[in-house]
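Next come the chains, spelled out residue by residue.
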Amino acid sequence: MIRTLLARAGLVAAAACAATLITAAPASAHGADAPDGTDYRTRTTGVAPARPGLEVRVVEAGARLELTNSTGRTIEVIGYSGEPYLRVGPDGVFENSRSPATYLNRTIAGDTTLPAEADPAAAPSWRRIADGTTARWHDQRALWQESEPPAEVRAAPDREHRVRDWTVPLRDGADPVMISGTLDWVPPPDAYTWWAVTIVGLLAVGALGLVAAAAPAGARAMSALGALLVAGGVVAVMYPVGRELDAGAQGLGGVALGLLSGQIWSLITGLGAIAAGWYALSRRPAADFVVALAGACLALFAGAANAAVFARSIAPVPWSPEAARVMVAIVLVVGTGATAAGILRLHATAKTPTPTPTPTRP
């Protein structure tokens, strides 16, 4: 029985990994554009001259700028050679297919090969890319794209540095407008400390599997594992929701669409951990197996997938980087600890001899 359950667990895990690889291709373009963390903090400092109804902010941990135009007029974003790049107005969002920025800004690395039609001196050729009055785009002027940090950062990486002040020109009709901002180096945290705390925590949770399952304390240990899985699942759902909010998702529908298109595995494993936790709290049959499997998925898809924040100073969520690291640590502790505890309990159950019935005499 135990071997059958473990075999099924392996098949489920293999299927999950295969599904992840299959879905990685369409998701990779979005995933590469939304980093798991960075050490460069991008901020906007204002729009000059001020335009009531025109709002600009940084999203996706600094990977994109977001412009919302509620002025009722058309605002143009100017490209790298002074050409019109984006047009945002009451009739929607348009991009100029002749602007090199249209292609360079499709990835955060800016390494897209320019087509022959890209000519900043040519007359604009506009094509609609979105309804509404909000545009989001990568802008190389607000990013650090070199493989090595600046010289002053290399000289003193443990100190915060102003890398540069940046500007992005706009045009309101015939009037020039300017977005201003800053780009700073922020020293990364000590990843070893976060991993050490995480390992100590998961060992403590895993130790619950050493309590004999048949003893009263074993039932309480299973209830504790169930409660931890529920809590870890809630945190695992909150984190991708935060990532979508930081990416500029608007309203419940926008968040749901973003989760389903870009954060689906973290969402599914979080909800699965909540369900597995309730299952364990109900003391249902095969709860050990359910706890182990749900914990493994939680640790892999919601914990390890976001563990880059342990070594990055800026997290792609709308709360503090410290809070983001605590959330990821909780998910890893609960997920890995529950997996270890469930396996230990399954192993102990497999080793328990089955009583041999005493034959009755005629």
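Residues numbered from 1 in each chain as written. Predicted model: local features only at pLDDT ≥ 70, side-chain atom pairs only at ≥ 80, totals over all residues. Heavy atoms only, no water.

Here we look at the overall build of the protein
Within the protein, the regular secondary structure consists of nine helices and ten strands. Across the 362 residues of the protein, 45% fall into the buried class. Relative to all contacts within the protein whose residues are 6 or more apart in sequence, the contacts with residues 24 or more apart total 68%. Surface accessibility of the protein: about 17,800 Å² in total, with carbon and sulfur atoms responsible for 63%. (Helix = DSSP H or I, 4+ residues; strand = E, 2+ residues; numbered from the N terminus. Buried < 20%, exposed > 50% of the residue type's maximum accessible area, 1.4 Å probe, protein only. Contact = heavy atoms within 4.5 Å. Areas by Shrake-Rupley, 256 points an atom, 1.4 Å probe, with all protein chains shown as cover.)

Here's the deal with the nonpolar core
Leu-229, Tyr-239, Val-291, Leu-298 and Phe-310 are the most contacted members of the largest nonpolar core, which totals 31 residues. Of all the secondary-structure elements, those providing two or more residues to this core are helix H4 (191-206), helix H5 (216-246), helix H7 (264-281), helix H8 (287-303) and helix H9 (321-351). For this core, the leading source of residues is H9, giving ten residues. Ignoring sequence-local partners within four residues, the contact set of Leu-229 consists of Ala-273, Ile-274, Ala-276, Gly-277, Val-291, Gly-295, Leu-298, Val-334 and Ala-338. Within the second largest apolar cluster, 25 residues are counted, among which are Tyr-85, Leu-86, Ala-135 and Val-163. (Core = buried A, V, L, I, M, F, W, Y, C linked by side-chain atoms within 4.5 Å.)

Some words on the environment of Ala-311
Among the secondary structure elements, Ala-311 is positioned in the loop between H8 and H9. The exposure class of Ala-311 is partly exposed, given its relative accessible area of 29%.

Considerations on the sheet that holds strand S6 (residues 92-96)
A sheet is described by the order of its strands in space; here seven strands give the open sequence S1-S10-S9-S4-S5-S6-S7, paired in antiparallel fashion. Two strands bound the open sheet, and with one partner strand each, they are strand S1 (40-48) and strand S7 (126-130). On average, adjacent strands in this sheet sit at an angle of 30° to one another, irrespective of strand direction. With eleven bridges joining them, strand S9 (residues 161-172) and strand S10 (residues 175-185) adopt antiparallel strand pairing. Looking at the pairing, Trp-166 lines up with Gly-181 of S10. (Pairing = 2+ DSSP bridges. Axes fitted to C-alpha atoms, helices over the stretch in contact; angles between N-to-C directions.)

So, the confidence of the model for the protein
Model confidence for the protein is summarised by a mean pLDDT of 88, while 88% of its residues fall at 70 or above. Per-residue pLDDT, averaged within each element of the protein, yields its smallest value for helix H1 (residues 2-33) (40) and its largest for strand S4 (residues 75-78) (98). Across residues 5-32, where pLDDT falls below 50, the model places 15 contacts with residues more than four positions away in sequence or in other chains. (pLDDT = per-residue confidence, 0-100.)

Focus on the sheet that holds strand S3 (residues 64-69)
Pairing is antiparallel across the open sheet formed by three strands, whose spatial order is S2-S3-S8. Single-partner strands in this sheet number two, and they are strand S2 (54-59) and strand S8 (134-137). Averaged over all pairs of adjacent strands, the angle between their axes in this sheet comes to 15°, without regard to strand direction. Here S3 pairs with S8 via four bridges, running antiparallel.

Examining the pattern of salt bridges
Here the structure, examined in full by the defined rule, presents 20 salt bridges. The partner of Arg-87 in a salt bridge is Asp-91, and the shortest N-O contact between them spans 3.9 Å. Across the salt bridge formed by Asp-288 and Arg-345, the nearest N and O atoms sit 2.7 Å from each other. Of this pair, Asp-288 sits in helix H8 while Arg-345 sits in helix H9, and the two are 57 residues apart along the sequence. Taking relative accessible area as the criterion, Asp-288 reaches 12% and is therefore assigned buried. Beyond isolated ion pairs, a larger network of salt bridges with shared partners links Arg-41, Glu-160, Arg-162, Asp-165 and Asp-184. (Salt bridge = Lys/Arg side-chain N within 4 Å of Asp/Glu carboxyl O.)

Thoughts on the packing of H5 against helix H6 (residues 251-262)
At their nearest, the axes of H5 and H6 sit 9 Å apart, and the two run at 115° to each other. With respect to each other, H5 and H6 are oriented roughly perpendicular. Here H5 and H6 pass one another in a crossing that is right-handed. Of the residues in H6, those in contact with Pro-240, Val-241, Glu-244 and Leu-245 of H5 are Val-255, Gly-258 and Leu-259. Classifying every residue of the contact of H5 with H6 by side-chain character gives five nonpolar, one polar and one charged. (Parallel < 35°, antiparallel > 145°, perpendicular 65-115°, else oblique. Left-handed = near helix turned anticlockwise from the far one by under 90°. Nonpolar A, V, L, I, M, F, W, Y, C, P; charged D, E, K, R; others polar.)

A closer look at H7
For H7, built from 18 residues, the straight-helix expectation of 26 Å at 1.5 Å per residue is met to within 8% by its first-to-last C-alpha distance of 26 Å. Tucked into the core, H7 has its buried residues touching H5, H6 and H8. Once H7 ends, the next one or two residues include Arg-283, with phi positive near 55°. (Expected span 1.5 Å × (residues − 1).)

Details of unusual backbone geometry
Across residues other than glycine, the phi torsion is negative in most instances, and most of the peptide bonds are trans. Omega for the bond connecting Ala-48 with Pro-49 falls within 30 degrees of zero, at -10°, which places this linkage in the cis form. As for its position among the elements, Pro-49 is in the loop between S1 and S2. If you check the backbone angles, Ala-61 has positive phi at about 55° while not being a glycine. Relative to the assigned elements, Ala-61 resides in the loop between S2 and S3.

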